[in-house]
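# Architecture and fold: a report
The primary structure of each chain is shown beneath.
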Amino acid sequence: MDVPRSSFTAYTSLLPPKKDCTYTSCYCEENVWRLCDHVRNEGTFSLEECYAVFISNDKRMIPLWRQCAGHGDNPVIWDYHVIFLHTPAGDQSFIYDLDTTLPFPSPFSTYIAEAFKSDALLRPDFRRNLRIVRADVYLRTFASDRSHMRDASGRWKKPPPPFPCIGTSDSKMNLDDFISMNPEVGWGDVFTLTEFINKFGQV
């Protein structure tokens, strides 16, 4: 579902409608890389206002509500998930999630309330952390050979995207450095959910 333009007429979406975005189920890190690449290629908006947001924790068990893979009011428990964050100067932030049943994009406050709810309701093992990586940095550093999506016999757990793997001159596979919520590892900054809301939820 795309968000009605009348809901926030002052905001201009920087991405195509959801149905027109490049998407492969279970490859959210690559889906968001493609969203960042779209912004770079269009050149209309600054990449400095855009972020890839990795959601995980040390147990790799994070609940998210309002996911397309969910059933009824129950959350989906992901090992990690990746969303796209836009933080236009002087305006509220918006979240683009290709796997949500919420509008695309959703105002930051709506996504937090509906998809994250509150860590106070959760056991410690399920509390979410977030690694925030600016889009230009993500485009420059992320690499995945998709090996995490093969089983012990080498078969695909889920069909891969129909385009070549994303790599850099330095790496063919560094996905774990982005999923890790150790601030000493990888790129970007790591936040608790409360810190994330305080940082990006204010206009």
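Refer to the preceding data block for the structure.
Scoring rules and cut-offs
Residues numbered from 1 in each chain as written. Predicted model: local features only at pLDDT ≥ 70, side-chain atom pairs only at ≥ 80, totals over all residues. Heavy atoms only, no water. Helix = DSSP H or I, 4+ residues; strand = E, 2+ residues; numbered from the N terminus. Rg over C-alpha atoms; globule rule 2.2 N^0.38 Å. Buried < 20%, exposed > 50% of the residue type's maximum accessible area, 1.4 Å probe, protein only. Contact = heavy atoms within 4.5 Å. Areas by Shrake-Rupley, 256 points an atom, 1.4 Å probe, with all protein chains shown as cover. Arc of directions from axis to C-beta. Core = buried A, V, L, I, M, F, W, Y, C linked by side-chain atoms within 4.5 Å. Salt bridge = Lys/Arg side-chain N within 4 Å of Asp/Glu carboxyl O. Polar contact = N/O pair within 3.5 Å; in protein donor to acceptor, adjacent residues only side chain to side chain. Pairing = 2+ DSSP bridges.

### Overview of the overall build of the protein
Each helix and strand in the protein was counted, giving 5 helices and 8 strands. Computed over the C-alpha atoms, the radius of gyration of the protein is 16 Å, within 12% of the 17 Å expected from 2.2 N^0.38 for a compact globule of 203 residues. Along the first, second and third principal axes, the C-alpha set of the protein runs to 50 × 40 × 35 Å. Counting the 203 residues in the protein, one finds 47% classified as buried. For the protein, long-range pairs separated by at least 24 residues make up 69% of all intrachain contacts whose partners lie at least 6 apart in sequence. Summed over its atoms, the accessible surface of the protein is roughly 10,200 Å², and 49% of this surface lies on carbon and sulfur atoms.

### Some details on helix H2 (residues 108-116)
When H2 is considered as a whole, its buried residues turn out to be Phe108, Tyr111, Ile112, Ala115 and Phe116. Down the axis of H2, the buried side of the element spans an arc of 105°, and every buried residue falls inside it. Following H2 by one or two positions, Lys117 adopts a phi angle in the positive range, close to 55°.

### Some words on helix H5 (residues 193-200)
All of the buried residues along H5 are Leu193, Phe196 and Phe200. One side of H5 holds all its buried residues, which, seen down the axis, span an arc of 60°. The secondary structure elements touched by the buried residues of H5 are strand S1 (50-56), strand S4 (81-86), H2, strand S7 (129-134) and strand S8 (189-192).

### Thoughts on the nonpolar core
Of all hydrophobic cores here, the largest spans 32 residues; its most connected members are Leu14, Phe54, Phe84, Tyr96 and Tyr138. At the level of secondary structure, the elements contributing two or more residues to this core comprise helix H1 (28-42), S1, S4, strand S5 (94-96), helix H3 (135-141) and helix H4 (175-179). Here the element with the most residues in this core is H1; it accounts for 6 residues. Counting residues in each nonpolar core, the second largest holds 20 residues, with Ile55, Ile62, Ile132 and Phe200 among its members.

### Topic: the pattern of salt bridges
In this structure the tally under the stated criterion is 8 salt bridges. Between Arg60 and Asp176 there is a salt bridge, with the nearest N and O atoms lying 3.4 Å from each other. Placement of the pair is Arg60 in the loop between S1 and strand S2 (62-64) and Asp176 in helix H4, with a sequence separation of 116 residues. The exposure class assigned to Arg60 is partly exposed, which follows from its relative accessible area of 34%. As a salt-bridge pair, Asp119 and Arg128 come within 2.7 Å of each other at their nearest N and O atoms.

### Describing the side chain of His86
Mapping His86 onto the fold places it in strand S4. Within the structure, the side chain of His86 is placed 2.8 Å from the side chain of Tyr11, a separation counted as a polar contact. Polar contacts involving the side chain of His86 include one to the side chain of Glu49, which spans 3.1 Å.

### Quick look at the pairing of S4
Looking along a regular strand, one sees side chains alternate from face to face of the sheet. Within S4, 6 of the 6 residues are buried, which leaves it mostly tucked inside the rest of the structure. Residue alternation in S4 divides its side chains into two sets, His81, Ile83 and Leu85 and Val82, Phe84 and His86, and both sets are buried. In this sheet, S4 lies alongside S1 in antiparallel orientation, the contact comprising 6 bridges. Note on S4: the bridge partner recorded for Ala52 is Phe84. Sheet analysis places S4 next to S5, joined by 3 bridges and oriented antiparallel. Within the sheet, the bridge partner assigned to Leu85 lies in S5 and is Ile95.

So far we have only geometry, and geometry alone does not tell us how the molecule works.
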